[in-house]
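Observations on chain architecture
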Amino acid sequence: LNEKYNIPKIDYPSGITSNGKNILYIIEEKKSRLIVVNIETGEYSYVDFIRDKNRKIKFDNPLSIDFLNDKLFLTDTQNNRILIFDTNFKLIENL
């Protein structure tokens, strides 16, 4: 991934999933963030929080991620929760 998409070195990748089309979601555990990669264009971005109304919910040591029915499910280990959010990174549910 690093060479093909020009992503800087990934520190402690702990999970990866896809939307089944052209987007990969990679957890970079050490930096508590997601790397979102468009595998068609090679563009990528970093996400370290999601939105819930007017507040930010930061990740702390996320370990795994999955994609189902246009929703992302992320285990946010140090915050003792599972976050469910949409592909625009807006919170759907906090378990």
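In the block above lies the structure referred to throughout.
Residues numbered from 1 in each chain as written. Predicted model: local features only at pLDDT ≥ 70, side-chain atom pairs only at ≥ 80, totals over all residues. Heavy atoms only, no water.

Considerations on the pairing of strand β2 (residues 23-28)
Operational definition: The buried label goes to any residue with under 20% of its type's maximum accessible area, the exposed label to any with over 50%, and the partly exposed label to all in between, with areas taken from a 1.4 Å probe on protein chains only. Here a strand is any run of E in DSSP of at least two residues, a helix any run of H or I of at least four, and the numbering for each starts at the N terminus. When DSSP finds at least two bridges between two strands, those strands are taken to pair.
Across the six residues of β2, six count as buried, placing the element largely inside the fold. Alternating positions in β2 separate into two faces, Ile23, Tyr25 and Ile27 on one and Leu24, Ile26 and Glu28 on the other, with burial throughout. Relative to strand β3 (residues 33-38), β2 is paired through six bridges, and the arrangement is antiparallel. Directly across from Ile23, in β3, lies its bridge partner Asn38.

Things to note about the environment of Arg33
Selection criterion: Should any heavy atoms of two residues lie within 4.5 Å, those residues are considered in contact. Polar contact is defined as a pair of N or O atoms within 3.5 Å, subject to the rule that within protein one atom must be able to donate a hydrogen and the other to accept it, and that residues adjacent in sequence are counted only when both atoms are side-chain atoms.
You can see Arg33 is positioned in strand β3. Given the relative accessible area of 17%, Arg33 is considered buried. Through-space distance from the C-alpha of Arg33 to that of Pro8 is 14 Å; in sequence the pair is 25 residues apart. In this view, Arg33 contacts Ile26, Ile27, Glu28, Tyr46, Val47, Asp48, Phe59 and Pro62; residues no more than four positions away in its chain are not counted. In terms of polar contacts, Arg33 uses its side chain to reach the side chain of Glu28, at 2.6 Å.

Concerning the nonpolar core
In globular proteins that are soluble, nonpolar side chains generally tend to be buried together. Spelled out, the test is: The criterion is simple. A nonpolar core is a set of buried Ala, Val, Leu, Ile, Met, Phe, Trp, Tyr and Cys residues joined through side-chain atoms within 4.5 Å.
One finds Leu34, Phe85 and Phe89 to be the most contacted residues of the largest nonpolar core, which totals 17 residues. Contributing elements (two or more residues each) for this core: β2, β3, β7 (62-68), β8 (71-76) and β9 (81-86). It is β2 that provides the largest number of residues to this core, a total of three residues. Ignoring sequence-local partners within four residues, the contact set of Leu34 consists of Ile26, Ile27, Ser45, Tyr46, Val47, Phe59, Ile65, Leu74, Phe85 and Phe89. In this structure, Tyr5, Ile26, Ile35 and Val37 belong to the second largest nonpolar core, which totals seven residues.

Things to note about the sheet that holds β7
Spelled out, the test is: Helix axes are fitted only over the stretch in contact, all axes being lines through C-alpha atoms; the angle between N-to-C directions runs from 0 to 180 degrees.
Strand order in the open sheet made by the four strands is β7-β8-β9-β10, with antiparallel pairing throughout. Whereas interior strands pair on both sides, the edge strands pair on one side only; in this sheet they are β7 and β10 (91-94). For this sheet, the mean inter-axis angle between neighbouring strands, taken without regard to orientation, is 20°. Taken together, the three bridges between β9 and β10 define a ladder with antiparallel strand orientation. Within β10, the position partnered with Phe85 by the bridge is Leu91.

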